[in-house]
Amino acid sequence: MKQTFRGGVRLNEHKNTDHCMTVRLPSPKRVYIPLSQHIGAPCTPLVKPGDHVLRGQLIGEVGTGLGAPVHASISGTVVELRTRHNALGTVVTDVVIDNDFLDTPAETMHPASTPPETWTSEKIIAAVRDAGIAGMGGASFPTHAKMTSALGKVDTLLINCAECEPYITANHRLLLEDPMTVLRGTRLLVRALGLSSGTFVIEDNKQNAIDLLRILCDASFPELKVAAVRTKYPQGDERQLIYAVTKRELPSGKLPADIGCVVFNPATAAAAYRAVTGGMPLIARIVTVDGDCVKEPKNLLVPIGTPFRDLVDACGGLIKEPKSLISGGPMMGAAQWNPDEPVTKGTNAILVLSADATKPYAGEHECIRCGRCVGACPMHLMPNYIAAYTKRGDYESAKEYGAMNCVECGSCSYICPADVPIVQYVRRAKNALRQKKA
Amino acid sequence: MEYTKQNDVENGVYDMPEGAPSFPALLTVSPSPHQKTRIHVPRMMIDVLIALLPAYVFGVVWFGLRALLVGVVSVVACIISELVFEKILRRPVTVMDGSAAVTGLLLAMNVPVTIPIPYLVIADIFAIVVVKCLFGGLGKNIVNPALAARVFLFVSFPSAMASFARPAGFLSADAVTGATPLAAIKEAGSIEGIDLLNLLLGKTGGCIGEVSAVLLLLGGLYLLCRRVISWQIPVAYLGTVALIALVFPRANGGLAMVPIELLSGGLMLGALFMATDYATSPVTSVGRLIYGVLCGLVTMFIRYFGAYPEGVSFAILIANLFVYYLDRYTKPTLFGGKKKLLGGGKKL
């Protein structure tokens, strides 16, 4: 029997791009590189308008505290430092660079002078930090910080290849097209954390990736294993992933390292390998472009900072009137108001959906107490009660039903036959409770 | 598309066909999730109606065309009373969700075919207005509307509800006694003359929709496959009844009492269609199991010791009253939590 977790929902997968070779996006005319792409403090800009920058050059550095540096993804001239609101309403500063189409590399990008096998953990972590690597699955937690906190505390390293959101195939394609970099990167992470093994966790809808990695692991990576898990949303949530493979439950408010686990995205592992062996900063990533409005859905390799509009144009443009543009998957991704929002280190997909494909909250019905949300909640909450209490403004009771433990995966809202926007009610309760505390 | 040089961009690789849709200046922003299941309340109610239909059609064939009249009147009366109630109170009209039709059909299947039409209409109005709408509509009612209306008929018009004489139907094969099998067992204290196959097929006396156990099972199976109902309530309910019949058989029936208790009376209709009513059953798996066991215990208690031969309606109504507490005290253990959260939260 395949390993899995209790709860969750089966989704229509829409993996339209799982057979599409990743293509490199034509170099964009202009990129907008946000100085705040990760959890933690925004970077301080190191360049000013008029400066000429090289591809891979450091343009934003963090001071003390959590964060990761950012680098220029193309060579060219800095036009301006633009301040704007992003989709979440946060103020971000972008470094706007005009492309000179020469792709002149920075001097920091060169092969390592000593083989990485001889490197100490500290040296590897420092290289990962200097490359500005942050989790590439969406949450963008700075990788060096995760490694530092995990050092000496963990016994299990998992590579999260679940990719449980519909449409997204960026990691699936990466595993098929460049498995050696991912495997070598994983070997590097395993070594850096002083562990003896690592496990790839892959949903069983990616059988070809499971088979390929198993063959390669058997042949040349004896310390790495592949675990197939059942295709179910939200399998890619760190908690459910750890539970499915190790049966350890991550308590609310704790980090995976507290229960001896550390989880990386395969793209992060590959980026770490490139950073250590070639001094390559994280300046490009694979993005799935899909949705019913896109003419030819594709996986694109794009420089960080490219506007979403360029990606959609490279896929043949639109064929339907778009209603929403989503950065990330349809279950947890953020809807964007601006089609020129730039790609960041955590952008794994861009979806352009028409009114037919998105769910309109047409008419909220009263809860009929069918209990589907209770069965679907991967955190084992009773979402219907939390929503009902929140509706009445009784946030304390909502808290007693575990509102603060919600991971906002949206399974309850997805499954609700009465169209109650359950997860939105839970978010309201969480915000109200946080404000009360503050 | 291969790696591109400067001239690719200058030559315009991004050329779009004339008149292709383009992004508006601002796009619609909404909170996640951005997609949704296609299963909605009306679809689920239609599934319940589909599942009830075979047993109801059998009732029409077995008891005659008057059963059809009873069904149509009951459904129409329920829909109209909900419509009128909501119009008078200027509330949003909810008849399109299909739950009024389900209540109407369930009530029709829960009365004898000889029921006087005015009584039936009064019961329909009682079910919809008093039991459902006055408590806040679908999902807010505390007890099952169709069952409450049936008990309302029981206590208001006892003789009309206890006469099971069969008018001439399409099929006049076997002679059927006026009394239901359960009433016969209660009065005679023996299972003399009860044919198991007839019980299974429904060639017996009783209410319109409760007689054909096999077709009700078929409908229940359909609902299970469509995931409209979950297995816990029917299995716990029927299992409890079977277990009690096995351990304490009455009327010197021995082992035969297990199938007889399971197949007779309103048990199949109740366990598969009435006890599983969403609004009046628990939402947790453990709660559903306990609720099913409770239904089974009360049903058998009434069948064994009660004044009525039949206990399903009362059993489910009594169990309905415990639902809120069953939910509260069977909260699932939080993921990553050590202990169960018991109780908590003000009464809704």
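Criteria and thresholds
Residues numbered from 1 in each chain as written. Chains lettered and ligands numbered in written order. Predicted model: local features only at pLDDT ≥ 70, side-chain atom pairs only at ≥ 80, totals over all residues. Heavy atoms only, no water. Helix = DSSP H or I, 4+ residues; strand = E, 2+ residues; numbered from the N terminus. Rg over C-alpha atoms; globule rule 2.2 N^0.38 Å. Buried < 20%, exposed > 50% of the residue type's maximum accessible area, 1.4 Å probe, protein only. Contact = heavy atoms within 4.5 Å. Pairing = 2+ DSSP bridges. 1 Å grid on protein atoms, 1.4 Å probe; cavity = no way out; pocket = protein on both sides within 12 Å on 5 of 7 lines; lining within 4 Å. Points joined across faces, edges and corners; volume = space filled by probe spheres on them. Nonpolar A, V, L, I, M, F, W, Y, C, P; charged D, E, K, R; others polar. Domains from an automatic or database assignment. Buried area = accessible area lost by both parts, 1.4 Å probe. Salt bridge = Lys/Arg side-chain N within 4 Å of Asp/Glu carboxyl O. Polar contact = N/O pair within 3.5 Å; in protein donor to acceptor, adjacent residues only side chain to side chain. Expected span 1.5 Å × (residues − 1). Bend = angle between axes of the 7 residues up to and from the residue. Phe/Tyr/Trp six-rings, centres within 6.5 Å; stacked < 30°, edge-to-face > 60°. Lys NZ or Arg CZ within 6 Å of the ring centre and 35° of its normal.

Things to note about the overall build of chain A
Counting its secondary structure elements, chain A contains 13 helices and 17 strands. The C-alpha radius of gyration of chain A comes to 22 Å, within 12% of the 22 Å expected for a compact globule of 438 residues. By its C-alpha atoms, chain A is 65 × 45 × 45 Å across when sized along the principal axes. Across the 438 residues of chain A, 61% fall into the buried class. Within chain A, counting contacts between residues at least 6 apart in sequence, those at least 24 apart form 73% of the total.

Let's talk about the overall build of chain B
The secondary structure content of chain B amounts to 16 helices and 0 strands. For chain B, restricting intrachain contacts to residue pairs at least 6 apart in sequence, the fraction spanning at least 24 positions comes to 73%.

With respect to the sheet that holds strand β5 (residues 58-61) of chain A
Residues and elements named next belong to chain A. The 3 strands lie next to each other as β3-β5-β6, forming an open sheet whose pairing is antiparallel. Of all the strands in the sheet, just β3 (44-45) and β6 (70-71) have a single pairing partner and so form its edges. As judged from the 2 bridges shared by β3 and β5, these two strands associate in the antiparallel manner. Residue pairing across strands places threonine 44 opposite glutamate 61, the latter belonging to β5.

A short note on empty space enclosed by the protein
Summary: where empty space remains is shown by rolling a probe the size of a single water molecule over the atoms. All chains considered together, the criterion is met by 6 cavities of 30 Å³ or more. Space inside the largest cavity adds up to approximately 300 Å³. For the largest cavity, the lining is made up of 21 residues, of which Met45, Val102, Phe273, Asp277 and Tyr278 of chain B are closest to its centre. Those elements that place two or more of their residues in the lining of the largest cavity are α2 (41-63) and α4 (99-109) of chain B. Counting residues per element, the lining of the largest cavity draws most heavily on α4 of chain B, which supplies 4 residues. Taken together, the residues of the lining of the largest cavity sort by class into 14 nonpolar, 5 polar and 2 charged. Each of domain 1 (41-173 + 198-228) and domain 2 (230-330) of chain B contributes no fewer than three residues to the lining of the largest cavity. Of the voids in this model, the second largest cavity is the one considered here, and its volume is about 120 Å³. Surrounding the second largest cavity, 17 residues form its lining, Cys377, Pro383, Cys406, Cys409 and Cys412 of chain A being those nearest its centre. Secondary structure elements with two or more residues in the lining of the second largest cavity: α9 (372-376), α10 (383-391), α12 (411-415) and α13 (422-437) of chain A. Taken together, the residues of the lining of the second largest cavity sort by class into 14 nonpolar, 2 polar and 1 charged.

Quick word on helix α15 (residues 312-320) of chain B
Burial runs high along α15 of chain B: 7 of the 9 residues are buried. What α15 of chain B keeps buried is the set Val312, Ser313, Ala315, Ile316, Leu317, Ala319 and Asn320 of chain B.

Details of the domain arrangement of chain B
Residues and elements named next belong to chain B. We note that the domain assignment places domain 1 (41-173 + 198-228) and domain 2 (230-330) within chain B. Computed from C-alpha coordinates alone, the two centres of domain 1 and domain 2 are separated by 19 Å. Counting residues at the interface gives 32 residues for domain 1 and 24 residues for domain 2. When domain 1 packs against domain 2, the two sides together hide about 2400 Å² of surface, and 76% of this comes from carbon and sulfur. Across the contact surface, domain 1 and domain 2 share 0 salt bridges. Counting across the interface, domain 1 meets domain 2 through 4 residue pairs in polar contact (both at pLDDT 80 or more). Listed by contribution, the elements that provide at least two residues to the side of domain 1 that touches domain 2 are α2, α4, α6 (145-156), α9 (196-201) and α10 (213-225). The leading source of residues in the side of domain 1 that touches domain 2 is α6, at 8 residues. Split by residue class, the side of domain 1 that touches domain 2 holds 23 nonpolar, 7 polar and 2 charged.

Some points on the pattern of salt bridges
Residue and element names in this part refer to chain A. In this structure the tally under the stated criterion is 29 salt bridges over all chains. In this structure, aspartate 51 engages lysine 48 in a salt bridge whose closest nitrogen and oxygen atoms are separated by 3.5 Å. Under the relative-accessibility criterion, aspartate 51 is labelled partly exposed at 21%. Its relative accessible area of 53% is what places lysine 48 among the exposed residues. Here aspartate 94 makes a salt bridge to arginine 84, at a shortest N to O gap of 2.5 Å. Pair noted here: aspartate 94 is in strand β8 (residues 91-99) and arginine 84 is in strand β7 (residues 76-85), with a separation of 10 residues, a long-range link. Given the relative accessible area of 0%, aspartate 94 is considered buried. Exposure remark for arginine 84: the relative accessible area of 13% places this residue in the buried category.

Some points on the layout of surface pockets
In this structure, the second largest pocket occupies an estimated 1500 Å³ of space. Contributing to the lining of the second largest pocket are 47 residues, with Gly8, Arg372, Gly375 and Ala376 of chain A together with Arg227 of chain B lying nearest its centre. Of all the secondary structure elements, the ones that give two or more residues to the lining of the second largest pocket are α9 and α12 of chain A together with α2, α10, α11 (232-247) and α14 (285-305) of chain B. Partitioning the lining of the second largest pocket into residue classes produces 21 nonpolar, 14 polar and 12 charged.

Side note on helix α5 (residues 117-132) of chain B
All names here are of chain B. Taking 1.5 Å per residue as the helical rise, α5 with its 16 residues ought to reach 22 Å, and the 21 Å between its terminal C-alpha atoms agrees with that figure. Along α5, the largest kink reaches about 30° and is centred on phenylalanine 126. Among the residues of α5, Leu120, Ala123, Asp124, Ala127, Ile128, Val129, Val131 and Lys132 are the ones counted as buried. Those residues of α5 that are buried are in contact with α3 (66-88), α4 and α6.

Some words on the packing of aromatic side chains
Summed over the entire model, instances satisfying the criterion amount to 12 aromatic pairs over all chains. With centroids separated by 3.8 Å and ring planes inclined at 10°, the aromatic side chains of tyrosine 119 of chain B and phenylalanine 157 of chain B adopt a geometry described as stacked. Linking tyrosine 119 of chain B in helix α5 with phenylalanine 157 of chain B in the loop between α6 and α7 (158-162), this pair joins segments that are 38 residues apart in sequence. Consider the rings of phenylalanine 126 of chain B and phenylalanine 152 of chain B, whose centres lie 4.2 Å apart with planes at 10°: the pair is stacked. One end of the pair, phenylalanine 126 of chain B, is in helix α5; the other, phenylalanine 152 of chain B, is in helix α6, and 26 residues separate them in sequence. Overall, phenylalanine 126 of chain B belongs to the partly exposed group, its relative accessible area being 22%. Given the relative accessible area of 23%, phenylalanine 152 of chain B is considered partly exposed. Chaining the aromatic ring pairs together yields one cluster made of Tyr385, Tyr389 and Tyr401 of chain A. The cationic tip of lysine 247 of chain A hangs over the ring face of tyrosine 243 of chain A; the distance from NZ or CZ to the ring centre is 4.9 Å. The ring of tyrosine 401 of chain A is capped by lysine 331 of chain B, whose NZ or CZ atom sits 3.7 Å from the centre of that ring.

Brief notes about the environment of phenylalanine 135 of chain B
Residues and elements named next belong to chain B. Tracing the sequence through the fold places phenylalanine 135 in the loop between α5 and α6. Judged by relative accessible area, phenylalanine 135 falls into the partly exposed class, the value being 47%. If we ignore the near neighbours within four places in the chain, the residues touching phenylalanine 135 are Val130, Lys140, Asn141 and Ile142.

Describing the sheet that holds β7 of chain A
Residues and elements named next belong to chain A. Pairing in this open sheet of 4 strands is antiparallel, and the strands run β2-β8-β7-β4 from one edge to the other. At either end of the open sheet lies a strand with only one pairing partner, and these are β2 (30-34) and β4 (52-53). Strand direction decides the pairing type here: β4 and β7, joined by 2 bridges, are antiparallel. Residue histidine 52 lies in a different strand from β7, and its bridge partner there is threonine 77.

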